[in-house]
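Observations on the model geometry
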Amino acid sequence: MKLRHRETGQETQLGGALLVGRLPECDLKLEDGSISRRHAQISSKNGAIFVADLDSSNGIQHNGRRVKECQLRPGDLLTIGAIAFSVVGEESDSEASPTPSPSELSSSDHARERMRAEARASRRSSGLGDLGQLSSGIQLLVGALSLLLLWGIIQLLRFLI
């Protein structure tokens, strides 16, 4: 099986273990603000391919549902952060699935097309983003600095009023 990037068409062969994220040492490096440094792990178990979220900020979605871990099958839509991928089987690598007209879609197809459109929309993480992946000591430091900054702003406002 392969992952096919929905916007660029770039394909990544699945098999073995793949680390997905923004870090240079990741096997599948994705340059996007919605992707955590170490976002997900794709692995093969007993001939099946599984994807697992590594406590990322924006998570992973399997066919429109946010999941912690799931099995991938051809035809699935996998969204990592805000980047959408199609899971394609070996036999359908050269086929491009045409988008059906709205009159040809069932209600479940409408839902799937809506999820695909949402996945294509550009969403970026904001704020501290990857704070959950930092050590607890750094998280406490960031929290303390945030409280100190808030206290400073309050004191400045009291002085000005």
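Preceding this section is the structure that the text describes.
Scope of this entry: the structure provided in the associated data block. These figures come from a predicted structure and were not determined experimentally. (Residues numbered from 1 in each chain as written. Predicted model: local features only at pLDDT ≥ 70, side-chain atom pairs only at ≥ 80, totals over all residues. Heavy atoms only, no water.)

**Notes on a nonpolar patch on the surface**
A cluster of nonpolar side chains, contributed by Leu 149, Ile 153, Leu 156, Leu 157, Phe 159, Leu 160 and Ile 161, occupies part of the molecular surface with about 850 Å² of accessible area. Along the chain, the position of Leu 157 falls in helix H2 (residues 136–160). What makes Leu 157 partly exposed here is its relative accessible area of 47%. (Patch = residues over 30% accessible without salt bridge, like charges linked within 9 Å, V, L, I, M, F, W, Y side chains within 5 Å. Areas by Shrake-Rupley, 256 points an atom, 1.4 Å probe, with all protein chains shown as cover. Salt bridge = Lys/Arg side-chain N within 4 Å of Asp/Glu carboxyl O. Helix = DSSP H or I, 4+ residues; strand = E, 2+ residues; numbered from the N terminus. Buried < 20%, exposed > 50% of the residue type's maximum accessible area, 1.4 Å probe, protein only.)

**A few points about the sheet that holds strand S9 (residues 69–72)**
Judged by pairing direction, the sheet is mixed, and its 5 strands sit side by side in the order S4-S3-S5-S6-S9 without closing on themselves. Each edge of the open sheet is held by one strand with a lone partner, namely strand S4 (28–29) and S9. In this structure, strand S5 (residues 40–45) lies alongside strand S6 (residues 48–53), joined through 6 bridges in antiparallel fashion. Paired with Ser 44 across the bridge in S6 is Ile 49. (Pairing = 2+ DSSP bridges.)

**What to know about the pairing of strand S11 (residues 83–88)**
Burial within S11 is extensive, with 6 of its 6 residues counted as buried. Neither face of S11 is exposed, since Ile 83, Phe 85 and Val 87 on one face and Ala 84, Ser 86 and Val 88 on the opposite face are all buried. Pairing geometry for strand S1 (residues 2–5) and S11, over 4 bridges, is antiparallel. Paired with Leu 3 across the bridge in S11 is Val 87. The pairing of strand S10 (residues 77–80) with S11 spans 4 bridges and is antiparallel.

**Considerations on the environment of Val 51**
Secondary-structure assignment places Val 51 in strand S6. Assessed through its relative accessible area of 0%, Val 51 is described here as buried. Spatially, the C-alpha atoms of Val 51 and Leu 78 are 9.2 Å apart, while their sequence positions differ by 27 residues. The residues contacting Val 51, other than those within four sequence positions of it, are Ala 40, Gln 41, Ile 42, Ile 60, Lys 68, Glu 69, Cys 70, Leu 72 and Leu 78. (Contact = heavy atoms within 4.5 Å.)

**So, the sheet that holds strand S7 (residues 60–62)**
Strand order in the open sheet made by the 6 strands is S2-S1-S11-S10-S7-S8, with antiparallel pairing throughout. The outermost strands of the open sheet, each flanked by one partner alone, are strand S2 (11–13) and strand S8 (65–67). Each strand axis lies, on average, 30° off the axis of its neighbour in the sheet, ignoring direction. Pairing geometry for S1 and S2, over 3 bridges, is antiparallel. (Axes fitted to C-alpha atoms, helices over the stretch in contact; angles between N-to-C directions.)

**Examining unusual backbone geometry**
Leave glycine aside and you will find that most residues have negative phi; peptide bonds, for their part, are mostly trans. Within the chain, Asp 55 stands out as a residue other than glycine whose phi angle is a positive 55°. Among the structural elements, Asp 55 can be located in the loop between S6 and S7. Even without being glycine, Asn 63 reaches a positive phi, approximately 50°. On the secondary structure map, Asn 63 appears in the loop between S7 and S8.

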